[in-house]
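Observations on the three-dimensional arrangement
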Amino acid sequence: YLEVVYPQMTFTAFTGSSAKLSCEANYDPQKCGMVHVVWHELAKNTEKSVELTDPERYFTTVNETTKHKMRHRQVVTEIISVTTKDEGRYQCKATCLTGEQAMGHFVTINVRRRGFA
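Remember, it's a predicted structure, so these values are computed and weren't measured experimentally.

Examining the state of the cysteines
Per the counting criterion, the structure on display carries two disulfides. Put simply, cysteine 23 and cysteine 92 are joined by a disulfide, and their sulfur atoms are 2.0 Å apart. Of this pair, cysteine 23 sits in strand E3 (residues 19-27) while cysteine 92 is found in strand E8 (residues 88-96), placing the two residues 69 residues apart along the sequence. The residues cysteine 23 and cysteine 92 share a single accessibility class, namely buried. Residue cysteine 32 pairs covalently with cysteine 96 via a disulfide, S to S 1.8 Å. Here cysteine 32 and cysteine 96 share a disulfide; its torsion about the S-S bond, -100°, makes the bridge left-handed. Linking cysteine 32 in helix H1 (residues 29-32) with cysteine 96 in strand E8, this pair joins segments that are 64 residues apart in sequence. For cysteine 32, a relative accessible area of 1% corresponds to the buried category. If you count the bonded cysteines of the protein from the N-terminus, they pair up as 1-3, 2-4.

Given below as structure tokens:
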């Protein structure tokens, strides 16, 4: 009754540009209750992760629809201005009020400095 869906991918973002991470959490509100869906950055060389919630660095939009008694929550988190510190692995995680958890694939961002023309 809870799943997180989006493609596994690797992409390159240039310093100073923005980068968008998008996922969809599908859940049954009868079984799940409230759901918390957020993108995380995985800390280097560990299994720990940090939620991307700092409003100075990230802009998140949420769109939710209902179809056949299931809720579909799309979460898009934009890294407003990419820096070299943003290079790494990211994952979208959903957690029900009941404690049930689902995670999606890893998305890897490679950061490159803009070249001079």
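Thoughts on unusual backbone geometry
One can expect most non-glycine residues to show negative phi and most peptide bonds to be in trans. Its identity as a non-glycine residue notwithstanding, histidine 68 has a phi of 55°, on the positive side. Along the chain, the position of histidine 68 falls in the loop between strand E6 (58-67) and strand E7 (70-79). Residues other than glycine seldom take positive phi values, yet lysine 69 does so here, at roughly 65°. Among the secondary structure elements, lysine 69 is positioned in the loop between E6 and E7. The exposed category is assigned to lysine 69, whose relative accessible area is 73%.

Here we look at the sheet that holds strand E1 (residues 2-5)
The strands making up a sheet are joined through hydrogen bonds of the backbone, oriented either antiparallel or parallel. In space, the four strands of this open sheet follow the order E1-E3-E7-E6, with antiparallel pairing throughout. Two strands close off the open sheet at either side, each with one partner strand: E1 and E6. Ignoring which end each strand starts from, the neighbouring axes of this sheet average 20° apart. As paired strands, E3 and E7 are joined by nine bridges and run antiparallel to one another. The residue bridging serine 22 from the neighbouring strand is valine 76, located in E7.

A short note on the UniProt feature "domain: Ig-like" (unreviewed entry) in the protein
If you check UniProt for "domain: Ig-like" (unreviewed entry), the listed places come out as residues 16-110 in our numbering. For residues 16-110, helix accounts for 4% and strand for 59%, while the C-alpha atoms at its two ends are 13 Å apart.

Brief notes about the nonpolar core
Core analysis: the biggest nonpolar cluster contains 26 residues, and Cys23, Val37 and Trp39 have the highest contact counts within it. The set of elements that each furnish at least two residues to this core consists of E1, E3, strand E4 (35-42), E7, E8 and strand E10 (107-112). At five residues, E3 tops the list of elements feeding residues into this core. Beyond its immediate chain neighbours, meaning those up to four positions away, cysteine 23 contacts Val4, Val5, Tyr6, Val37, Trp39, Arg73, Gln74, Val75 and Cys92.

Rules used in this analysis
- Residues numbered from 1 in each chain as written.
- Predicted model: local features only at pLDDT ≥ 70, side-chain atom pairs only at ≥ 80, totals over all residues.
- Heavy atoms only, no water.
- Disulfide = S-S within 2.5 Å.
- Helix = DSSP H or I, 4+ residues; strand = E, 2+ residues; numbered from the N terminus.
- Buried < 20%, exposed > 50% of the residue type's maximum accessible area, 1.4 Å probe, protein only.
- Pairing = 2+ DSSP bridges.
- Axes fitted to C-alpha atoms, helices over the stretch in contact; angles between N-to-C directions.
- UniProt positions renumbered as here; feature names shortened; annotations may be inferred.
- Core = buried A, V, L, I, M, F, W, Y, C linked by side-chain atoms within 4.5 Å.
- Contact = heavy atoms within 4.5 Å.

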